[in-house]
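Tertiary structure, described
What follows is each chain in one-letter form.
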Amino acid sequence: MKFENWIIFIGIFITSLAVLAFESTINRLFALVFYYHFAFMIFSIALFGLGAGGLMVFFVNRFLKNFKFGTLMIVTLLFAVSITFSILMINTIDLKMDLVVTSVVQQKNFMKFFLTLALPFALSGFILSFIFTNFSDRI
């Protein structure tokens, strides 16, 4: 097997491991900060983000096809930074889950919260979809 194939396999493994670790981290955060049943919202956030990342690949792949490794390098660095950024940012959002239904301010805070947590999932979805789309002959 070629060395480039191993780089792709290790990249898929590390990206998947980072997504699962991030999901586990925000699961613990939700269990501590909010009621325990809001932890199930993480699955919705993850699926939304992964789907958004796959959709981004669908639209921009024709432009980035010639810069495969450069694109993966940049998006992977953005993914690493976005995990730290999102964990730090969600701690600054003043979200009260029991007032989301009645308060417009809390609804906006909820949207900020949701989209901030979805960013790392979207970038990981982009990475995995980009790899599966452009390196399908090596996998």
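Before reading further, recall that the structure is shown in the block above.
From N to C terminus, the chain includes four helices and zero strands. Reported as C-alpha extents along the three principal axes, the dimensions of the chain are approximately 55 × 25 × 20 Å. Each of the 139 residues in the chain was classed as buried or not, and the buried ones make up 37%. A sequence separation of at least 24 residues applies to 77% of the contacts in the chain between residues at least 6 apart. Of the roughly 8,700 Å² that the chain leaves accessible, carbon and sulfur atoms contribute 73%. Mean positive and mean negative side-chain charge positions of the chain (9 and 5 charges, respectively) differ by 8 Å.

Below, the discussion takes up the packing of helix H3 (residues 68–90) against helix H4 (residues 104–134). Running from amino to carboxyl end, H3 crosses H4 at an angle of 160°, the nearest separation of the two axes being 9 Å. Classed by the angle they form, the pair H3 and H4 counts as roughly antiparallel. The way H3 lies across H4 gives a crossing that is left-handed. The class makeup of the residues in the contact of H3 with H4 is 17 nonpolar, seven polar and one charged.

All right, on to the environment of Ala-46 then. With respect to the helices and strands, Ala-46 occurs in helix H2 (residues 41–64). The sequence separation of Ala-46 and Leu-117 amounts to 71 residues, and the corresponding C-alpha distance is 8.4 Å. Discounting residues that sit within four places of it in the chain, Ala-46 has contacts with Glu-23 and Phe-121.

According to the stated counting rule, one finds one salt bridge in the structure shown. The partner of Asp-94 in a salt bridge is Lys-96, and the shortest N-O contact between them spans 2.9 Å. The class of Asp-94 is partly exposed, set by a relative accessible area of 47%.

With that settled, the discussion passes to the packing of aromatic side chains. Under the defined criterion, the tally for this structure stands at nine aromatic pairs. With a centroid separation of 6.4 Å and an interplanar angle of 40°, the aromatic rings of Phe-40 and Phe-43 are classed as tilted. Accessibility expressed as a relative area gives 57% for Phe-40, which makes it exposed. Overall, Phe-43 belongs to the partly exposed group, its relative accessible area being 49%. An aromatic cluster is defined as three or more aromatic residues linked by ring pairs; in this entry it consists of Phe-48, Phe-110 and Phe-114. The ring of Phe-135 has Lys-68 lying over it, and the distance from NZ or CZ to the ring centre is 5.5 Å.

For H3, with 23 residues, the first-to-last C-alpha span of 32 Å sits near the 33 Å given by 1.5 Å per residue. Looking at H3, one finds that the buried residues are Thr-71, Leu-72, Val-75, Phe-79, Ser-82, Ile-83, Ser-86 and Ile-90.

Calculation notes
- Numbering of residues starts from 1 in every chain and runs along the sequence as written.
- pLDDT decides what is reported in this predicted model: residues at 70 or higher carry local features, side-chain atom pairs at 80 or more are listed and counted, and totals for whole chains, interfaces and linings draw on all residues regardless.
- Only heavy atoms go into the side-chain values, all of them from the structure, while hydrogens and water stay out.
- Counting from the N terminus, the helices are the DSSP runs of H or I reaching at least four residues and the strands are the DSSP runs of E reaching at least two.
- Accessible area is worked out with a 1.4 Å probe on protein chains only. A residue is then buried under 20% of its type maximum, exposed over 50%, and partly exposed in between.
- Contact criterion: two residues are considered in contact whenever any of their non-hydrogen atoms come within 4.5 Å of each other.
- Accessibility throughout is a Shrake-Rupley quantity obtained with a 1.4 Å probe, and a residue counts as covered only by protein chains that appear here.
- In summary, the charge assignment counts Lys and Arg as positive and Asp and Glu as negative, without counting His or the chain termini.
- Charge coordinates come from a single atom per side chain, which is NZ of Lys, CZ of Arg, CG of Asp or CD of Glu.
- Here an axis means a line fitted to C-alpha atoms, over the contact stretch when the element is a helix, while the angle between two N-to-C directions is reported on a 0 to 180 degree scale.
- Our angle categories are set so that under 35 degrees counts as roughly parallel, over 145 as roughly antiparallel, 65 to 115 as roughly perpendicular, and the remainder as oblique.
- A crossing counts as left-handed when the near helix is turned anticlockwise from the far one by less than a right angle, and as right-handed when that turn is clockwise.
- Polarity classes work like this: nonpolar for Ala, Val, Leu, Ile, Met, Phe, Trp, Tyr, Cys and Pro, charged for Asp, Glu, Lys and Arg, and polar for all others, with Gly in that last group.
- Should a side-chain nitrogen of Lys or Arg be within 4 Å of a carboxyl oxygen of Asp or Glu, the pair is scored as a salt bridge.
- Stacked, tilted and edge-to-face are the three classes assigned to paired rings of Phe, Tyr and Trp, where Trp is represented by its six-membered ring and a pair needs centres within 6.5 Å; plane angles under 30 degrees give stacked, over 60 edge-to-face, the rest tilted.
- Geometrically, a charge over a ring is one whose NZ (Lys) or CZ (Arg) sits within 6 Å of the ring centre while staying within 35 degrees of the ring normal.
- In this analysis, the expected span of each helix is defined as 1.5 Å times one less than the number of residues it contains.

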